[in-house]
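Results of the structural survey
What follows is each chain in one-letter form.
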Amino acid sequence: MKVKTMATSGIIAALYVAVTFLIAPFGFTNIQFRLSEMFNHLVVFNKKYIVGVVLGVFVANLLFSELGPIDLVFGVGQSILALSITILSAKFIKGIYRRMFFNTLVFTFTMFIIAWELNIVMEWPFLLTWLFVAVGEFVVMAIGIPVMAALDKRLNFSKLI
């Protein structure tokens, strides 16, 4: 891995953790509103961003989650799965906005993994929990589309890493 890629991944991870910390009380409940999830859209611009995003999820869950080590498995696993699906779909879906919308849907759907985790650990009802975490994820990711598009115009994410 190139030094530039490693440094950029570290910055992305640090930003993910910092933004997660700002809203920590709202990022680890049955109604999750983790603004840092907007960074998931970075893989739409360049697949190399997966390292920084996954590292950010790992560190944020390690530092702030009250669920313990199981959150490192389920939370990080859900991120890896959803990001990988989005990366693999890139050759079939053209256009940044379409990819970000697809990414939003993938993350929203795969929140069943987080609902399953919360069902195991907290004994919350699976379907209702899935609905709540999926709605929170959808809102954050949908808000993230214009935010990340505007940042891309300024920073050019595809060439930044």
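Scroll up to find the structure.
From a predicted model like this one, the values you see are computed outputs, not experimental measurements. (Residues numbered from 1 in each chain as written. Predicted model: local features only at pLDDT ≥ 70, side-chain atom pairs only at ≥ 80, totals over all residues. Heavy atoms only, no water.)

Some thoughts on the overall build of the protein chain
- Scanning the protein chain from N- to C-terminus turns up 8 helices and 0 strands.
- The order of helices and strands in the protein chain, counted from the N terminus, is α-α-α-α-α-α-α-α.
- The C-alpha radius of gyration of the protein chain comes to 15 Å, within 12% of the 15 Å expected for a compact globule of 161 residues.
- The principal-axis extents of the C-alpha atoms in the protein chain amount to approximately 45 × 30 × 25 Å.
- When the 161 residues of the protein chain are sorted by exposure, 47% land in the buried category.
- Sequence separation of 24 or more characterises 70% of the internal contacts of the protein chain that already satisfy a separation of 6 or more. (Helix = DSSP H or I, 4+ residues; strand = E, 2+ residues; numbered from the N terminus. Rg over C-alpha atoms; globule rule 2.2 N^0.38 Å. Buried < 20%, exposed > 50% of the residue type's maximum accessible area, 1.4 Å probe, protein only. Contact = heavy atoms within 4.5 Å.)

Regarding the packing of helix α4 (residues 69–89) against helix α5 (residues 96–109)
- α5 packs onto α4 with a crossing angle of 150° between their chain directions and a minimal axis gap of 9 Å. In this view, α4 runs roughly antiparallel relative to α5, as classed from their interaxial angle. Relative to α5, the crossing made by α4 is right-handed. Contacts from Gln 78, Ser 79, Ala 82, Leu 83, Ile 85, Thr 86 and Ser 89 of α4 reach α5 at Phe 102, Asn 103, Val 106 and Phe 107.
- Among the residues forming the contact of α4 with α5, the class breakdown is 6 nonpolar, 5 polar and no charged. (Axes fitted to C-alpha atoms, helices over the stretch in contact; angles between N-to-C directions. Parallel < 35°, antiparallel > 145°, perpendicular 65-115°, else oblique. Left-handed = near helix turned anticlockwise from the far one by under 90°. Nonpolar A, V, L, I, M, F, W, Y, C, P; charged D, E, K, R; others polar.)

Remarks on the environment of Ile 96
- Residue position: Ile 96 is located in helix α5.
- The contacts of Ile 96, once residues within four sequence positions are left out, are Val 44 and Phe 45.

Overview of the packing of aromatic side chains
- Evaluated as defined, the whole model comprises 9 aromatic pairs.
- Ring geometry for Phe 74 and Trp 116: centres 5.2 Å apart, planes at 80°, overall edge-to-face. With Phe 74 in helix α4 and Trp 116 in helix α6 (residues 112–122), this residue pair connects regions lying 42 residues apart in the sequence.
- Phe 74 sits in the buried class, given a relative accessible area of 11%.
- Take Trp 116: its relative accessible area is 46%, and that puts it in the partly exposed class.
- By the ring-pair criterion, three or more aromatic residues cluster together here, those being Phe 109, Phe 112, Phe 126 and Trp 130. (Phe/Tyr/Trp six-rings, centres within 6.5 Å; stacked < 30°, edge-to-face > 60°.)

Re helix α3 (residues 50–64)
- Compared with an ideal rise of 1.5 Å per residue, which puts 15 residues at 21 Å, α3 spans 21 Å between its outermost C-alpha atoms and is within 8% of the ideal.
- Taken together, the buried positions of α3 are Ile 50, Gly 52, Val 53, Val 54, Gly 56, Val 57, Ala 60 and Asn 61.
- Contacts from the buried residues of α3 go to α1 (3–22), α2 (42–45) and α4. (Expected span 1.5 Å × (residues − 1).)

Details of the nonpolar core
- Leu 42, Tyr 49, Val 53, Leu 83, Met 100, Met 148 and Phe 157 are the most contacted members of the largest nonpolar core, which has 26 residues in total.
- Contributions of two or more residues to this core are made by α1, α2, α3, α4, α5 and α7 (126–155).
- Top contributing element to this core by residue count: α3, with 5 residues.
- Excluding anything up to four places from it in sequence, Leu 42 contacts Ile 12, Tyr 49, Met 148 and Phe 157.
- By size, the runner-up hydrophobic cluster in this structure holds 7 residues, among which are Met 111, Ile 114, Ala 115 and Val 133. (Core = buried A, V, L, I, M, F, W, Y, C linked by side-chain atoms within 4.5 Å.)

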